[in-house]
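The residues making up each chain are set out below.
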Amino acid sequence: MKRYLPFAIVFLCAMFTFGGGMLLYRAKRPAPPTIARETAITDEKAESFHARGGTDALVTLEEFGDFQCPPCGALAGPLLQIEKDYGSKLRVVFRNFPFDIHQNAHAASFAAEAAGRQGRFWDMHDLLYREQAAWSKSPDAERLFESYAAMLRLDISRFKTNANSEEVKARVAADQKRGAELGVKNTPTIFINNHQLPPTSLNPDGVRKAIDEALAEVPKHP
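On a predicted model such as this, the values are computed, not experimentally measured, just so you know. (Residues numbered from 1 in each chain as written. Predicted model: local features only at pLDDT ≥ 70, side-chain atom pairs only at ≥ 80, totals over all residues. Heavy atoms only, no water.)

> Can you break down the pattern of salt bridges residue by residue, with the values?
Under the counting rule described, the total for this entry stands at eleven salt bridges. The salt bridge involving Arg 52 is made with Asp 126; its shortest N-O contact spans 3.1 Å. Taken together, the residues span a long stretch of sequence, with Arg 52 in strand β2 (residues 48–52) and Asp 126 in helix α4 (residues 121–130) at a distance of 74 residues. The pair formed by Arg 52 and Asp 126 is uniform in burial state, with each residue classed as buried. (Salt bridge = Lys/Arg side-chain N within 4 Å of Asp/Glu carboxyl O. Helix = DSSP H or I, 4+ residues; strand = E, 2+ residues; numbered from the N terminus. Buried < 20%, exposed > 50% of the residue type's maximum accessible area, 1.4 Å probe, protein only.)

Encoded structure:
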């Protein structure tokens with residue numbers, strides 16, 4: 001037994017070092033910008049969707065996104081900063097548009113919608129994009145989504161039930177239907193005040209330019 005003791009000590013030290021390194025890595029990552037809390041919107045046709053920002057915002061940015069889509073993930077951080085920079089002038093709407101070619105995209109959308117049932121859709125939305133590399137190819141992504149729900153202090157039992165519910169699946173399907181009606185074929189697809197951005201504008205500078213142009217078109221009141 002004694003001859004294995006040095007190996008056990010080395011193993012434990014390595015584990016502590018790895019764990020400490022992971023904590024340090026997460027601690028050093030920049031915190032996301034503080035932005036307006038989410039609002040769940042329902043119109044007269046009982047269509048619900050997720051929006052951040054007031055209904056009186058001068059510009060509405062509507063995004064159709066796939067949580068496993070790499071370009072969506074790359075744009076998520078800059079969009080958060082854009083939300084912060086434009087403040088009350090900008091309202092952001094997110095629509096789920098998962099593709100079958102991404103093995104965990106549908107499950108990620110269900111996880112976000114399940115979190116939304118507890119008022120934390122946008123928190124899960126942001127977390128899924130930040131951690132995209134961790135779960136996107138995982139054979140057990142649902143377990144990771146449950147761990148994210150725990151990080152957000154959600155009721156895990158309720159989260160799991162909602163993530164597998166027909167209601168949540170119907171919500172995602174409704175977003176996909178709207179996207180199909182608008183001609184969405186790729187993600188991310190972004191509309192600024194109902195005008196679709198061309199692929200060449202799907203970058204931080206292009207989005208800012210489109211928002212500025214939309215603001216310039218707003219009638220000036222004396």
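> Account for the side chain of Arg 171, naming residues and giving values.
Note on placement: Arg 171 falls in helix α8 (residues 166–181). By relative accessible area, which is 12% here, Arg 171 ends up buried. With residues up to four places along the chain from it excluded, the contact list for Arg 171 reads Ser 48, Phe 49, His 50, Glu 113 and Arg 117. (Contact = heavy atoms within 4.5 Å.)

> Describe the packing of aromatic side chains, listing the residues and the values that go with them.
The relative placement of two aromatic rings is captured by the distance of their centres and the angle of their planes. According to the stated counting rule, one finds eleven aromatic pairs in the structure shown. Aromatic side chains Phe 94 and Phe 121 sit 6.1 Å apart centroid to centroid with 45 degrees between the ring planes, which places their arrangement in the tilted category. With a gap of 27 residues between them, Phe 94 in strand β4 (residues 90–96) and Phe 121 in helix α4 connect regions that are remote in the sequence. Like Phe 121, Phe 94 is buried. Among the aromatic residues, those joined into a ring-pair cluster are Phe 67, Phe 94, Phe 121, Trp 122 and Tyr 129. (Phe/Tyr/Trp six-rings, centres within 6.5 Å; stacked < 30°, edge-to-face > 60°.)

> Give me the lowdown on the pairing of strand β5 (residues 189–192), citing residues and values where you can.
Every second residue of β5 is oriented toward a common face, with Thr 189 and Phe 191 on one face and Ile 190 and Ile 192 on the other, all of them buried. Bridging between strand β3 (residues 59–65) and β5 involves four bridges; their strand directions are antiparallel. Counted as the bridge partner of Glu 63 is Ile 190 from β5. With two bridges connecting them, β5 and strand β6 (residues 195–196) associate as antiparallel partners. (Pairing = 2+ DSSP bridges.)

> Describe in detail unusual backbone geometry, supporting the description with residues and values.
Cis rather than trans, the peptide bond between Thr 187 and Pro 188 has omega equal to -5 degrees. Among the structural elements, Pro 188 can be located in the loop between α8 and β5. Of note, Asn 193 is a non-glycine position whose phi angle comes to about 50 degrees, a positive value. Relative to the elements of secondary structure, Asn 193 occurs in the loop between β5 and β6. Positive phi, close to 70 degrees, is recorded for Asn 194, a residue that is not glycine. If you trace the backbone, Asn 194 turns up in the loop between β5 and β6. Relative accessible area serves as the criterion here: at 64%, Asn 194 is assigned to the exposed category.

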